[in-house]
Amino acid sequence: MQQTEFLNVVLPFKDKLYRLAKRLLVSKEEAEDATQEILLKLWSKNKMMTGYNNVEAYAMMMTKNFCLDRLKSKQAGNLKLVHSNYKDENVSIQTQIEVSDSLSWIEKIMEELPEQQKMVLQLRDVEQYEFEEIADLLGMNTTAVRVALSRARKTVREKLVQKHNYGIQ
Amino acid sequence: MEFNNIEKLLERYFEATTTVAEEEMLRAYFTREDIPPHLKRHAPMFQYFSVAKEERFTKQVPLKPRNKSYIKWISVAAVSVLVFGIYFGRSYQEQREAEYAYQETKKALSLLATNLGKGTEKVAYLREFEETKQKIYNKN
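Residues numbered from 1 in each chain as written. Chains lettered and ligands numbered in written order. Predicted model: local features only at pLDDT ≥ 70, side-chain atom pairs only at ≥ 80, totals over all residues. Heavy atoms only, no water.

Before going further, it helps to spend a moment on the overall build of chain A. Each helix and strand in chain A was counted, giving eight helices and zero strands. Expressed as a percentage of its 169 residues, the buried residues of chain A come to 47%. (Helix = DSSP H or I, 4+ residues; strand = E, 2+ residues; numbered from the N terminus. Buried < 20%, exposed > 50% of the residue type's maximum accessible area, 1.4 Å probe, protein only.)

So this is what it looks like as C-alpha coordinates:
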(Lines give C-alpha, C1' and ligand atoms only; values in the text may rest on other atoms or scores of the structure.)
Protein backbone atom coordinates (compact mmCIF):
# COMPACT_ATOMS: atom_id res chain seq x y z
CA MET A 1 0.00 0.00 0.00
CA GLN A 2 1.40 3.39 -0.95
CA GLN A 3 1.44 6.47 1.23
CA THR A 4 -1.40 8.27 -0.53
CA GLU A 5 -3.52 5.16 -0.51
CA PHE A 6 -2.91 4.74 3.21
CA LEU A 7 -3.86 8.34 3.87
CA ASN A 8 -7.09 7.84 1.96
CA VAL A 9 -7.96 4.85 4.12
CA VAL A 10 -7.08 6.65 7.33
CA LEU A 11 -8.54 10.05 6.50
CA PRO A 12 -12.21 9.30 7.26
CA PHE A 13 -11.58 8.22 10.82
CA LYS A 14 -8.39 9.89 12.02
CA ASP A 15 -10.44 12.65 13.65
CA LYS A 16 -12.48 10.06 15.49
CA LEU A 17 -9.29 8.51 16.84
CA TYR A 18 -8.13 11.93 17.95
CA ARG A 19 -11.42 12.78 19.63
CA LEU A 20 -11.51 9.49 21.50
CA ALA A 21 -7.90 9.98 22.59
CA LYS A 22 -8.67 13.51 23.71
CA ARG A 23 -11.72 12.37 25.63
CA LEU A 24 -9.61 9.88 27.54
CA LEU A 25 -6.35 11.77 27.89
CA VAL A 26 -7.94 15.24 28.16
CA SER A 27 -4.79 17.06 27.10
CA LYS A 28 -4.69 18.15 23.48
CA GLU A 29 -0.97 17.48 23.11
CA GLU A 30 -1.20 14.02 24.58
CA ALA A 31 -4.14 13.19 22.36
CA GLU A 32 -2.22 14.37 19.31
CA ASP A 33 0.78 12.27 20.28
CA ALA A 34 -1.42 9.25 20.86
CA THR A 35 -3.15 9.65 17.52
CA GLN A 36 0.16 10.02 15.76
CA GLU A 37 1.44 6.93 17.49
CA ILE A 38 -1.61 4.93 16.41
CA LEU A 39 -1.34 6.11 12.82
CA LEU A 40 2.34 5.22 12.72
CA LYS A 41 1.55 1.80 14.13
CA LEU A 42 -1.09 1.29 11.47
CA TRP A 43 1.35 2.43 8.80
CA SER A 44 4.04 0.07 9.99
CA LYS A 45 1.71 -2.88 9.55
CA ASN A 46 -0.22 -1.60 6.58
CA LYS A 47 0.40 -4.82 4.65
CA MET A 48 -1.76 -6.59 7.18
CA MET A 49 -4.30 -3.82 7.08
CA THR A 50 -5.84 -4.99 3.84
CA GLY A 51 -6.69 -8.17 5.70
CA TYR A 52 -8.88 -6.40 8.23
CA ASN A 53 -12.31 -5.78 6.85
CA ASN A 54 -12.93 -2.97 9.29
CA VAL A 55 -9.83 -0.84 9.67
CA GLU A 56 -11.73 1.84 11.57
CA ALA A 57 -12.90 -0.49 14.32
CA TYR A 58 -9.40 -1.91 14.58
CA ALA A 59 -7.86 1.55 14.83
CA MET A 60 -10.42 2.64 17.44
CA MET A 61 -9.62 -0.44 19.48
CA MET A 62 -5.90 0.35 19.25
CA THR A 63 -6.55 3.92 20.34
CA LYS A 64 -8.65 2.83 23.27
CA ASN A 65 -6.05 0.36 24.47
CA PHE A 66 -3.21 2.79 23.93
CA CYS A 67 -4.91 5.57 25.89
CA LEU A 68 -5.91 3.29 28.74
CA ASP A 69 -2.33 2.07 28.98
CA ARG A 70 -1.16 5.67 29.00
CA LEU A 71 -3.55 6.52 31.78
CA LYS A 72 -2.49 3.53 33.80
CA SER A 73 1.20 4.35 33.53
CA LYS A 74 0.46 7.98 34.27
CA GLN A 75 -1.38 7.08 37.44
CA ALA A 76 1.47 4.80 38.42
CA GLY A 77 3.90 7.63 37.86
CA ASN A 78 1.64 9.86 39.94
CA LEU A 79 1.53 12.43 37.22
CA LYS A 80 -1.58 14.42 36.62
CA LEU A 81 -2.11 16.75 33.75
CA VAL A 82 -4.59 19.49 34.29
CA HIS A 83 -5.81 20.86 31.09
CA SER A 84 -8.52 23.21 30.09
CA ASN A 85 -8.05 24.42 26.58
CA TYR A 86 -10.97 23.47 24.46
CA LYS A 87 -12.25 24.78 21.22
CA ASP A 88 -15.81 25.62 20.38
CA GLU A 89 -15.92 25.78 16.67
CA ASN A 90 -18.99 26.10 14.53
CA VAL A 91 -21.01 28.08 17.03
CA SER A 92 -22.31 31.45 15.92
CA ILE A 93 -20.75 34.34 17.77
CA GLN A 94 -23.72 35.66 19.71
CA THR A 95 -24.75 32.24 20.97
CA GLN A 96 -21.15 31.36 21.69
CA ILE A 97 -20.92 33.79 24.59
CA GLU A 98 -23.92 32.44 26.44
CA VAL A 99 -23.39 28.87 25.43
CA SER A 100 -19.65 28.42 25.81
CA ASP A 101 -19.94 28.42 29.57
CA SER A 102 -22.36 25.52 29.69
CA LEU A 103 -20.44 23.71 26.96
CA SER A 104 -17.25 23.85 28.96
CA TRP A 105 -19.21 22.61 31.94
CA ILE A 106 -20.21 19.55 30.02
CA GLU A 107 -16.65 18.97 28.99
CA LYS A 108 -15.62 19.13 32.64
CA ILE A 109 -18.50 16.94 33.72
CA MET A 110 -17.49 14.36 31.14
CA GLU A 111 -13.92 14.44 32.45
CA GLU A 112 -15.21 13.36 35.81
CA LEU A 113 -17.01 10.30 34.48
CA PRO A 114 -15.44 6.87 34.87
CA GLU A 115 -13.43 5.86 31.80
CA GLN A 116 -15.92 3.33 30.54
CA GLN A 117 -18.85 5.73 30.67
CA LYS A 118 -16.68 8.39 29.09
CA MET A 119 -15.93 6.12 26.15
CA VAL A 120 -19.50 4.96 25.75
CA LEU A 121 -20.81 8.51 25.78
CA GLN A 122 -18.14 9.64 23.36
CA LEU A 123 -18.73 6.79 20.92
CA ARG A 124 -22.49 7.05 21.03
CA ASP A 125 -23.35 10.71 21.37
CA VAL A 126 -20.41 12.26 19.58
CA GLU A 127 -19.55 9.61 16.99
CA GLN A 128 -22.99 7.97 16.71
CA TYR A 129 -21.81 4.40 16.83
CA GLU A 130 -24.36 1.60 17.06
CA PHE A 131 -24.62 -0.32 20.31
CA GLU A 132 -23.17 -3.43 18.68
CA GLU A 133 -20.11 -1.56 17.49
CA ILE A 134 -19.53 -0.04 20.92
CA ALA A 135 -19.98 -3.44 22.53
CA ASP A 136 -17.38 -4.95 20.17
CA LEU A 137 -14.95 -2.12 20.73
CA LEU A 138 -15.12 -2.12 24.49
CA GLY A 139 -15.54 -5.84 24.96
CA MET A 140 -18.89 -5.50 26.70
CA ASN A 141 -22.32 -6.82 25.84
CA THR A 142 -24.97 -4.48 24.47
CA THR A 143 -27.00 -4.46 27.67
CA ALA A 144 -23.99 -3.31 29.66
CA VAL A 145 -23.39 -0.62 27.05
CA ARG A 146 -26.96 0.61 27.43
CA VAL A 147 -26.69 0.68 31.19
CA ALA A 148 -23.39 2.56 31.12
CA LEU A 149 -24.73 5.00 28.56
CA SER A 150 -27.88 5.64 30.53
CA ARG A 151 -25.87 6.26 33.67
CA ALA A 152 -23.47 8.57 31.90
CA ARG A 153 -26.27 10.61 30.35
CA LYS A 154 -28.11 10.91 33.64
CA THR A 155 -24.97 11.93 35.47
CA VAL A 156 -24.29 14.64 32.92
CA ARG A 157 -27.88 15.85 33.23
CA GLU A 158 -27.81 15.94 37.01
CA LYS A 159 -24.46 17.69 37.26
CA LEU A 160 -25.53 20.17 34.65
CA VAL A 161 -28.66 20.98 36.62
CA GLN A 162 -26.59 21.34 39.76
CA LYS A 163 -24.18 23.78 38.15
CA HIS A 164 -27.08 25.66 36.67
CA ASN A 165 -28.65 26.11 40.07
CA TYR A 166 -25.41 27.35 41.57
CA GLY A 167 -25.26 29.88 38.81
CA ILE A 168 -28.69 31.22 39.65
CA GLN A 169 -28.23 31.43 43.38
CA MET B 1 -46.39 21.21 18.70
CA GLU B 2 -43.88 18.38 19.00
CA PHE B 3 -43.04 18.95 22.66
CA ASN B 4 -44.68 15.74 23.70
CA ASN B 5 -42.75 13.87 21.11
CA ILE B 6 -39.48 15.48 22.17
CA GLU B 7 -40.20 14.87 25.82
CA LYS B 8 -40.85 11.24 25.18
CA LEU B 9 -37.70 10.98 23.14
CA LEU B 10 -35.75 12.66 25.91
CA GLU B 11 -37.08 10.23 28.45
CA ARG B 12 -36.05 7.32 26.29
CA TYR B 13 -32.75 9.05 25.56
CA PHE B 14 -31.83 9.03 29.23
CA GLU B 15 -32.79 5.37 29.45
CA ALA B 16 -30.50 4.76 26.44
CA THR B 17 -33.23 3.14 24.38
CA THR B 18 -33.25 5.62 21.51
CA THR B 19 -31.82 4.80 18.10
CA VAL B 20 -29.05 6.75 16.42
CA ALA B 21 -31.62 8.38 14.13
CA GLU B 22 -33.78 9.49 17.05
CA GLU B 23 -30.77 10.96 18.79
CA GLU B 24 -29.94 12.81 15.61
CA MET B 25 -33.47 14.31 15.77
CA LEU B 26 -32.87 15.42 19.33
CA ARG B 27 -29.58 17.03 18.42
CA ALA B 28 -31.20 18.81 15.51
CA TYR B 29 -34.05 19.97 17.72
CA PHE B 30 -31.78 21.44 20.37
CA THR B 31 -29.78 23.51 17.90
CA ARG B 32 -32.93 25.58 17.29
CA GLU B 33 -33.49 28.92 18.96
CA ASP B 34 -37.13 28.47 20.02
CA ILE B 35 -36.78 25.82 22.68
CA PRO B 36 -39.41 25.99 25.44
CA PRO B 37 -37.93 26.99 28.83
CA HIS B 38 -38.51 23.67 30.56
CA LEU B 39 -36.48 21.86 27.90
CA LYS B 40 -33.78 24.47 27.63
CA ARG B 41 -31.65 22.97 30.36
CA HIS B 42 -30.97 19.96 28.13
CA ALA B 43 -29.81 22.08 25.23
CA PRO B 44 -26.14 22.53 26.19
CA MET B 45 -25.61 18.79 26.34
CA PHE B 46 -26.72 18.19 22.79
CA GLN B 47 -25.01 21.31 21.52
CA TYR B 48 -21.81 20.17 23.14
CA PHE B 49 -21.94 16.83 21.34
CA SER B 50 -22.33 18.57 18.01
CA VAL B 51 -19.45 20.90 18.82
CA ALA B 52 -17.27 18.07 20.08
CA LYS B 53 -17.68 16.29 16.77
CA GLU B 54 -16.14 19.22 14.95
CA GLU B 55 -12.76 18.78 16.54
CA ARG B 56 -10.11 17.81 14.01
CA PHE B 57 -6.76 16.14 14.12
CA THR B 58 -4.54 18.67 12.40
CA LYS B 59 -1.10 17.38 13.21
CA GLN B 60 0.95 16.11 10.31
CA VAL B 61 2.09 12.56 10.76
CA PRO B 62 5.60 11.96 9.46
CA LEU B 63 5.15 8.74 7.54
CA LYS B 64 8.49 7.31 6.65
CA PRO B 65 8.69 6.11 3.06
CA ARG B 66 8.73 2.37 2.89
CA ASN B 67 11.71 2.31 0.49
CA LYS B 68 13.94 2.36 3.52
CA SER B 69 13.12 -1.21 4.35
CA TYR B 70 13.69 -2.17 0.72
CA ILE B 71 17.20 -0.77 0.96
CA LYS B 72 17.74 -2.82 4.08
CA TRP B 73 16.64 -6.01 2.38
CA ILE B 74 18.65 -5.28 -0.73
CA SER B 75 21.77 -4.82 1.38
CA VAL B 76 21.08 -8.10 3.16
CA ALA B 77 20.72 -9.85 -0.19
CA ALA B 78 23.91 -8.26 -1.51
CA VAL B 79 25.90 -9.32 1.52
CA SER B 80 24.64 -12.88 1.31
CA VAL B 81 25.47 -13.03 -2.42
CA LEU B 82 28.94 -11.75 -1.65
CA VAL B 83 29.52 -14.30 1.10
CA PHE B 84 28.28 -17.18 -1.05
CA GLY B 85 30.33 -15.92 -3.97
CA ILE B 86 33.51 -15.88 -1.95
CA TYR B 87 32.75 -19.28 -0.46
CA PHE B 88 31.98 -21.01 -3.75
CA GLY B 89 34.70 -19.13 -5.62
CA ARG B 90 37.27 -20.33 -3.14
CA SER B 91 36.12 -23.93 -3.24
CA TYR B 92 36.18 -23.81 -7.05
CA GLN B 93 39.74 -22.55 -6.96
CA GLU B 94 40.67 -25.26 -4.48
CA GLN B 95 39.21 -27.85 -6.77
CA ARG B 96 41.24 -26.55 -9.68
CA GLU B 97 44.39 -26.57 -7.64
CA ALA B 98 43.73 -30.10 -6.50
CA GLU B 99 43.19 -31.21 -10.09
CA TYR B 100 46.39 -29.55 -11.15
CA ALA B 101 48.28 -31.25 -8.35
CA TYR B 102 46.73 -34.58 -9.33
CA GLN B 103 47.79 -34.16 -12.93
CA GLU B 104 51.31 -33.26 -11.86
CA THR B 105 51.55 -36.24 -9.55
CA LYS B 106 50.25 -38.49 -12.27
CA LYS B 107 52.87 -37.18 -14.65
CA ALA B 108 55.58 -37.69 -12.07
CA LEU B 109 54.39 -41.16 -11.27
CA SER B 110 54.23 -42.17 -14.92
CA LEU B 111 57.78 -40.83 -15.37
CA LEU B 112 58.84 -42.94 -12.44
CA ALA B 113 57.04 -45.94 -13.90
CA THR B 114 58.82 -45.68 -17.26
CA ASN B 115 62.17 -45.31 -15.57
CA LEU B 116 61.37 -48.26 -13.37
CA GLY B 117 60.47 -50.25 -16.51
CA LYS B 118 63.84 -49.39 -17.98
CA GLY B 119 65.44 -50.57 -14.74
CA THR B 120 63.66 -53.91 -14.77
CA GLU B 121 64.72 -54.45 -18.41
CA LYS B 122 68.28 -53.98 -17.33
CA VAL B 123 67.74 -56.30 -14.40
CA ALA B 124 66.43 -58.91 -16.89
CA TYR B 125 69.77 -58.75 -18.71
CA LEU B 126 71.50 -59.16 -15.42
CA ARG B 127 69.53 -62.28 -14.63
CA GLU B 128 70.46 -63.83 -17.96
CA PHE B 129 74.05 -63.11 -17.17
CA GLU B 130 73.67 -64.71 -13.76
CA GLU B 131 72.06 -67.82 -15.24
CA THR B 132 74.82 -68.36 -17.76
CA LYS B 133 77.34 -67.77 -15.07
CA GLN B 134 75.64 -70.39 -12.96
CA LYS B 135 75.65 -72.85 -15.86
CA ILE B 136 79.34 -72.34 -16.27
CA TYR B 137 79.90 -72.90 -12.56
CA ASN B 138 77.82 -76.07 -12.63
CA LYS B 139 79.79 -77.48 -15.51
CA ASN B 140 83.02 -77.08 -13.64
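A general feature of soluble globular proteins is that nonpolar side chains tend to end up buried together. With 67 residues, the main nonpolar core has A:Leu42 and B:Phe30 as its most contacted residues. The element contributing the most residues to this core is helix 1 (residues 3-25) of chain A, with nine residues. (Core = buried A, V, L, I, M, F, W, Y, C linked by side-chain atoms within 4.5 Å.)

The subject of this paragraph is the packing of aromatic side chains. As enumerated under the stated definition, the model contains nine aromatic pairs over all chains in all. Each member of the aromatic cluster is reached from another via a ring pair, and the members are B:Tyr13, B:Phe14, B:Tyr29, B:Phe30 and B:Phe46. When the ring centre of A:Phe131 is taken as origin, the NZ or CZ atom of A:Arg124, which lies over that ring, is 4.1 Å away. Its guanidinium or amino end placed over the ring of B:Phe14, A:Arg157 lies 4.1 Å from that ring's centre, counting from NZ or CZ. (Phe/Tyr/Trp six-rings, centres within 6.5 Å; stacked < 30°, edge-to-face > 60°. Lys NZ or Arg CZ within 6 Å of the ring centre and 35° of its normal.)

A few words now on empty space enclosed by the protein. The gaps left among the atoms become clear once a water-sized probe is rolled over them. Tallying each qualifying case throughout the model produces three cavities of 30 Å³ or more. Put simply, the largest cavity is a space of about 90 Å³. For the lining of the largest cavity, the secondary-structure elements that each account for two or more residues are helix 1, helix 5 (93-112) and helix 6 (115-126) of chain A together with helix 4 (43-52) of chain B. With three residues, helix 1 of chain A is the largest single contributor of residues to the lining of the largest cavity. Two domains each donate at least three residues to the lining of the largest cavity, and these are domain 1 (3-76) and domain 2 (93-168) of chain A. (1 Å grid on protein atoms, 1.4 Å probe; cavity = no way out; pocket = protein on both sides within 12 Å on 5 of 7 lines; lining within 4 Å. Points joined across faces, edges and corners; volume = space filled by probe spheres on them. Domains from an automatic or database assignment.)

There is a patch of like negative charges on the surface, built from A:Glu130, A:Glu132, A:Glu133 and A:Asp136. In this fold, A:Glu132 is placed in helix 7 (residues 131-138). (Patch = residues over 30% accessible without salt bridge, like charges linked within 9 Å, V, L, I, M, F, W, Y side chains within 5 Å. Areas by Shrake-Rupley, 256 points an atom, 1.4 Å probe, with all protein chains shown as cover. Salt bridge = Lys/Arg side-chain N within 4 Å of Asp/Glu carboxyl O. Lys, Arg positive; Asp, Glu negative; His and termini not counted. Charge placed at Lys NZ, Arg CZ, Asp CG, Glu CD.)

Attention shifts here to the interface of chain B and chain A. Contacts between the two partners involve 33 residues from chain B, matched on the other side by 50 residues from chain A. Taken over both partners, the interface formed by chain B and chain A buries close to 3800 Å², and the fraction arising from carbon and sulfur atoms is 58%. Looking at the side of chain B facing chain A, the largest losses of area belong to B:Tyr48, B:Phe57 and B:Leu63, adding up to 20% of the total buried there. At the junction of chain B with chain A, the criterion picks out six salt bridges. Put simply, B:Glu23 and A:Arg124 hold a salt bridge, and the shortest N to O gap is 3.0 Å. At the junction of chain B with chain A, the criterion picks out 19 residue pairs in polar contact (both at pLDDT 80 or more). Of all elements in the fold, only helix 1 (3-14), helix 2 (20-30) and helix 4 of chain B reach the threshold of two or more residues within the side of chain B that touches chain A. (Contact = heavy atoms within 4.5 Å. Buried area = accessible area lost by both parts, 1.4 Å probe. Polar contact = N/O pair within 3.5 Å; in protein donor to acceptor, adjacent residues only side chain to side chain.)

Moving on, we get to the packing of helix 1 of chain A against helix 6 of chain A. Residue and element names in this part refer to chain A. Relative to each other, helix 1 and helix 6 sit at 150°, their axes nearing to 10 Å. The angle between helix 1 and helix 6 falls in the class roughly antiparallel. Where helix 1 crosses over helix 6, the handedness of that crossing is right-handed. Side by side, helix 1 and helix 6 meet where Arg19, Leu20, Arg23 and Leu24 of the first sit next to Glu115, Lys118, Met119, Gln122, Leu123 and Val126 of the second. (Axes fitted to C-alpha atoms, helices over the stretch in contact; angles between N-to-C directions. Parallel < 35°, antiparallel > 145°, perpendicular 65-115°, else oblique. Left-handed = near helix turned anticlockwise from the far one by under 90°.)

On the surface, B:Phe84, B:Tyr87 and B:Phe88 cluster together into a nonpolar patch covering about 390 Å² of accessible area. Tracing the chain through its elements places B:Phe84 in helix 5 (residues 67-139).

This part is about unusual backbone geometry. The backbone of A:Val26 shows a phi angle near 70°, a positive value even though the residue is not glycine. Here A:Val26 is to be found in the loop between helix 1 and helix 2 (28-44). The backbone phi angle of B:Ala16 is positive, close to 60°, even though this residue is not glycine. Along the chain, B:Ala16 turns up in the loop between helix 1 and helix 2. You can call B:Ala16 buried: its relative accessible area is 0%.

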